[in-house]
Amino acid sequence: MQETSTTKSSATIATLLIVAYFGVAAVEIAAEFLNDAMLVRYAKPWLMPILATLYLCTSKKRNLLFLSALILTWIANMLFISKDFNFIIIGTLFFTTYRILIIFLVIRLVRVPGIIPLFIGCLPFLFIYLFVINLTYDELKEGFWLFVFQGIFTIIFGGLSLGNYIFKSNKANTYLLISTMLFTFTQFLFVIRLFYVSLNIFQPLAMLLYVVAQFMLYKFIVLEENKLARHENINGTKQKTV
């Protein structure tokens, strides 16, 4: 009875945190659309802490690696608030480190697909990055190699996600694939808006994709960790029985 009550309480807290996450995200997206820099500075810092709290509330195997990754992307977000190109470059470095940690975490959680599914999975993301580079090569200048470096990890992450989905199309892998695709389109919009075409809708749209992508990634992590925790509990019970 007490365990059921605790479960219901945790579910209620998780629901409130999800509402808070998307509520703050809605404020942030509206602020981006209205070009309200002050509101952006107030809303954006809350997104990752809320998601981290939600993760701690719902995961049965809390991973410091994922929490560290959320801290890195939070720092990147704070730097991206600035319009200064130097801050954007530093923010890109933090986001690239975040991406490396996430790739490492995903490899630990799922079975890595074979070479052929991985290669096929990389192709769509490779084409997207080649297209963006072709559009913005002259404008990127000193940031070109950093963009290429980040693109390599995004292509690998995309190939891993799509290849894993081809190998096993379950709910967790679907979340991972959606997250990866949304992250890729977010970066595409970010670069196009920064160097090529500045439309007012690009930034709020990129923010919407980013928020959903982070939530989908969180769902994938929690599903895989909780599945792993159940397997460990079952194995532990069998060992005790023996």
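Residues numbered from 1 in each chain as written. Predicted model: local features only at pLDDT ≥ 70, side-chain atom pairs only at ≥ 80, totals over all residues. Heavy atoms only, no water.

A. Structural view of the packing of helix α4 (residues 85-109) against helix α6 (residues 144-167). Between α4 and α6, the shortest axis-to-axis distance is 10 Å and the interhelical angle comes to 25 degrees. Classified by the angle their axes make, α4 and α6 are roughly parallel. Seen from above, α4 lies across α6 with left-handed handedness. Here Ile 89, Thr 92, Leu 93, Phe 95, Thr 96, Arg 99, Ile 100, Ile 102, Ile 103, Val 106 and Ile 107 of α4 come into contact with α6, specifically with Leu 146, Phe 149, Gln 150, Phe 153, Thr 154, Ile 156, Phe 157 and Leu 160. A class-by-class count of the residues in the contact of α4 with α6 yields 14 nonpolar, four polar and one charged. (Axes fitted to C-alpha atoms, helices over the stretch in contact; angles between N-to-C directions. Helix = DSSP H or I, 4+ residues; strand = E, 2+ residues; numbered from the N terminus. Parallel < 35°, antiparallel > 145°, perpendicular 65-115°, else oblique. Left-handed = near helix turned anticlockwise from the far one by under 90°. Contact = heavy atoms within 4.5 Å. Nonpolar A, V, L, I, M, F, W, Y, C, P; charged D, E, K, R; others polar.)

B. Spatial organisation of α4. The first and last C-alpha atoms of α4 sit 36 Å apart over 25 residues, in line with the 36 Å expected at 1.5 Å per residue. Among all positions in α4, only Ile 88, Gly 91, Thr 92, Phe 95, Thr 96, Tyr 98, Arg 99, Ile 102, Ile 103, Leu 105, Val 106 and Leu 109 are buried. (Expected span 1.5 Å × (residues − 1). Buried < 20%, exposed > 50% of the residue type's maximum accessible area, 1.4 Å probe, protein only.)

C. Highlighting the pattern of salt bridges. Going through the model one piece at a time under the given rule, you end up with three salt bridges. As a salt-bridge pair, Glu 224 and Lys 227 come within 3.5 Å of each other at their nearest N and O atoms. Of the two residues, Glu 224 and Lys 227 both sit in helix α8 (residues 202-241), three residues apart, roughly one turn of that helix. Of the residues examined, Lys 227 reaches a relative accessible area of 26% and is grouped as partly exposed. It is possible to trace a salt-bridge network through shared partners that takes in Glu 28, Glu 32 and Lys 44. (Salt bridge = Lys/Arg side-chain N within 4 Å of Asp/Glu carboxyl O.)

D. Up close: the side chain of Asn 77. Mapped onto the secondary structure, Asn 77 falls in helix α3 (residues 64-81). Take Asn 77: its relative accessible area is 6%, and that puts it in the buried class. With near-sequence residues (within four places) excluded, Asn 77 lies in contact with Lys 44, Met 48 and Tyr 210.

E. Spatial organisation of a nonpolar patch on the surface. A grouping of Phe 33, Leu 34, Ile 201, Leu 205 and Leu 208 is seen on the molecular surface, where their side chains present a nonpolar patch of about 460 Å² in accessible area. By the element assignment, Leu 208 lies in helix α8. Leu 208 sits in the partly exposed class, given a relative accessible area of 40%. (Patch = residues over 30% accessible without salt bridge, like charges linked within 9 Å, V, L, I, M, F, W, Y side chains within 5 Å. Areas by Shrake-Rupley, 256 points an atom, 1.4 Å probe, with all protein chains shown as cover.)

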